[in-house]
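Descriptive analysis of the structure
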Amino acid sequence: MKLKELADRLGLSQTTVSRALNGYPEVNEATRQRVNEAAGKFGYRANASARRLATGRAGAIGVALPLQRSMHFGPHTSEFLSGIGERLAQHEIDILVTPLGDDDEIPVYRRLAASKRVDAVVISAPTPDDPRIKVLTDLGIPFVLHGRTEVDIPHAWLDIDNESGFRRATSHLLDLGHKRIAMLNGPADQTFARHREKGYRDALRERGITPDPRMMATGRFTDEIGFRYAQAMLEMSPRPTAILAGSMMTGLGVFRAIRSAGLELGRDVSMIAHDDVFPYLNADNMVPSMSTTRSSIRAAGARVAELTLQLLGGKPPEAIHELWPVELVLRESSGPAPRD
């Protein structure tokens, strides 16, 4: 099917259909959805080569992958990239992934700007004063940030409300009578980890509890690190009666430490973990089932891709700000505080 045929079936102009398929912001959401559904139904596929020739675009989105930092997040990175890829595949847009031996992404962006191999880039794992924002802005490369910074330069971003999510999780444990609540957070320099710590600290202070530095730890989201931190904390006297885990991967290590100490999850020690909704690690299927703060990182990747298309369609970066709420899903791992 050609573009004209699809437009005729929908009773729309070819320009409107083309703009809807390419994510232009002036096309309303109802029309965009209608056009995309019809394209799928009738098997319409734009000619990628013709489109690139007509638009002057490379037909690719860039992602730098610092190998050291990506280890901090493990499967989170693959889930996020999968979400981006699923959405861009619908438009025959490629992902150009550039692996780095260190965490310095800026030389990569300078090369991409000079070579014009990508139309935009997606960046993630921001720090509060992230230097990439200014560099990309100065280079003129459109970009969408997964996360937030405190840099006062207009830019597009999508983030989840980590602060609110961890405040609610901490408050729930306090409601259950827990006063010694530990937190195993992500890398200390990352904005999301700082937001989570603020939510945790604020919830404790609202109940008149002074946060104890011994009950807080930061690091990569791995089973082993979760186990080591939790094991050390459970040897304290008095030990924590509840633990907030920054990811399900960390939560697995905490669960192992609890069992190794001869304790029972949900009775002796409660836990709430953050769940990025991995298809192979289902909180419902754990025994006992895991209470979580939940937000799909794969869905975030798909939405970041959509926002990137909107940015390329002409939507100004300062108009692309999305803060997603975080669900609190209560299951068996969070129970009343044990009596001292």
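These numbers were taken from a predicted model, which means no experiment stands behind them.

The full count for this structure, using the stated rule, is 25 salt bridges. Between Arg-132 and Asp-130 there is a salt bridge, and its shortest N-O distance comes to 2.7 Å. Residue Arg-303 is joined to Glu-306 by a salt bridge in which the shortest nitrogen-to-oxygen separation is 2.8 Å. Pair noted here: Arg-303 and Glu-306 are both in helix 13 (residues 297–312), with a separation of three residues, about one helical turn. Look at Glu-306 and you get partly exposed, because its relative accessible area is 25%. Each member of the salt-bridge network shares a partner with another, and the members are Arg-87, Arg-303, Glu-306 and Glu-322.

Where the residue is not glycine, phi is negative for most of them; where a peptide bond is considered, it is trans in most cases. The step from Ser-237 to Pro-238 runs through a cis peptide bond, and the omega angle for that step is 0°. Its location among the elements puts Pro-238 in the loop between helix 11 (223–234) and strand 8 (242–245). Omega for the bond connecting Val-287 with Pro-288 falls within 30 degrees of zero, at -5°, which places this linkage in the cis form. Mapped onto the fold, Pro-288 is located in the loop between strand 9 (270–275) and strand 10 (291–294). In this structure, Ala-125 is a non-glycine residue whose phi angle is positive, near 55°. Within the element layout of this structure, Ala-125 appears in the loop between strand 3 (120–124) and helix 8 (132–139).

Quick look at the sheet that holds strand 8 now. Across the sheet, which stays open at both edges, the six strands sit in the order 7-6-8-9-10-12 with mixed pairing between neighbours. The strands lining the two open edges of the sheet, one partner per strand, are strand 7 (216–218) and strand 12 (327–329). Taken over all neighbouring pairs, the strand axes of this sheet differ in orientation by 15° on average, direction set aside. The pairing of strand 6 (residues 181–185) with strand 8 spans four bridges and is parallel.

Counting 41 residues, the largest nonpolar core has Ile-181, Tyr-200, Leu-244 and Met-290 as its most contacted members. Examining the composition of this core, we find that six residues originate from one element, helix 12 (residues 248–260), more than from any other. Here Met-290 is in contact with Met-248, Leu-265, Met-271, Ala-273, Ala-283, Val-329, Arg-331 and Ser-333, once residues within four sequence places are set aside. By size, the runner-up hydrophobic cluster in this structure holds 20 residues, among which are Ile-61, Ile-297, Ala-300 and Leu-309.

What follows covers the side chain of Asn-162. Along the chain, Asn-162 falls in helix 9 (residues 162–175). Since its relative accessible area comes to 3%, Asn-162 is described here as buried. Contact partners of Asn-162, with chain neighbours within four places excluded, come to Phe-192, His-195, Arg-196 and Val-326.

Looking now at the side chain of Thr-293. Relative to the assigned elements, Thr-293 resides in strand 10. Under the relative-accessibility criterion, Thr-293 is labelled buried at 2%. Leaving out residues up to four positions away in the same chain, Thr-293 has contacts with Gly-165, Phe-166, Ala-169, Ile-272, Ala-273, His-274, Asp-275, Val-326, Glu-327 and Leu-328.

A full pass over the atoms with the stated rule returns two aromatic pairs. Summarising the aromatic geometry, the rings of Phe-192 and Phe-221 are spaced 6.0 Å apart at their centres and angled 55° between planes, so their arrangement reads as tilted. Of this pair, Phe-192 sits in helix 10 (residues 191–206) while Phe-221 sits in the loop between strand 7 and helix 11; the two residues are 29 residues apart in sequence, bridging distant segments of the chain. Both residues of the pair, Phe-192 and Phe-221, count as buried. Seen from their ring centres, Phe-278 and Tyr-280 are 5.4 Å apart, and the 10° between their planes marks the pair as stacked. If you follow Arg-256 out to its NZ or CZ, it ends over the ring of Phe-227, 4.2 Å from the centre. Positioned above the aromatic ring of Phe-255 is the side chain of Arg-259, whose terminal nitrogen or guanidinium carbon lies 4.8 Å from the ring centre.

What counts and what doesn't
Residues numbered from 1 in each chain as written. Predicted model: local features only at pLDDT ≥ 70, side-chain atom pairs only at ≥ 80, totals over all residues. Heavy atoms only, no water. Salt bridge = Lys/Arg side-chain N within 4 Å of Asp/Glu carboxyl O. Helix = DSSP H or I, 4+ residues; strand = E, 2+ residues; numbered from the N terminus. Buried < 20%, exposed > 50% of the residue type's maximum accessible area, 1.4 Å probe, protein only. Pairing = 2+ DSSP bridges. Axes fitted to C-alpha atoms, helices over the stretch in contact; angles between N-to-C directions. Core = buried A, V, L, I, M, F, W, Y, C linked by side-chain atoms within 4.5 Å. Contact = heavy atoms within 4.5 Å. Phe/Tyr/Trp six-rings, centres within 6.5 Å; stacked < 30°, edge-to-face > 60°. Lys NZ or Arg CZ within 6 Å of the ring centre and 35° of its normal.

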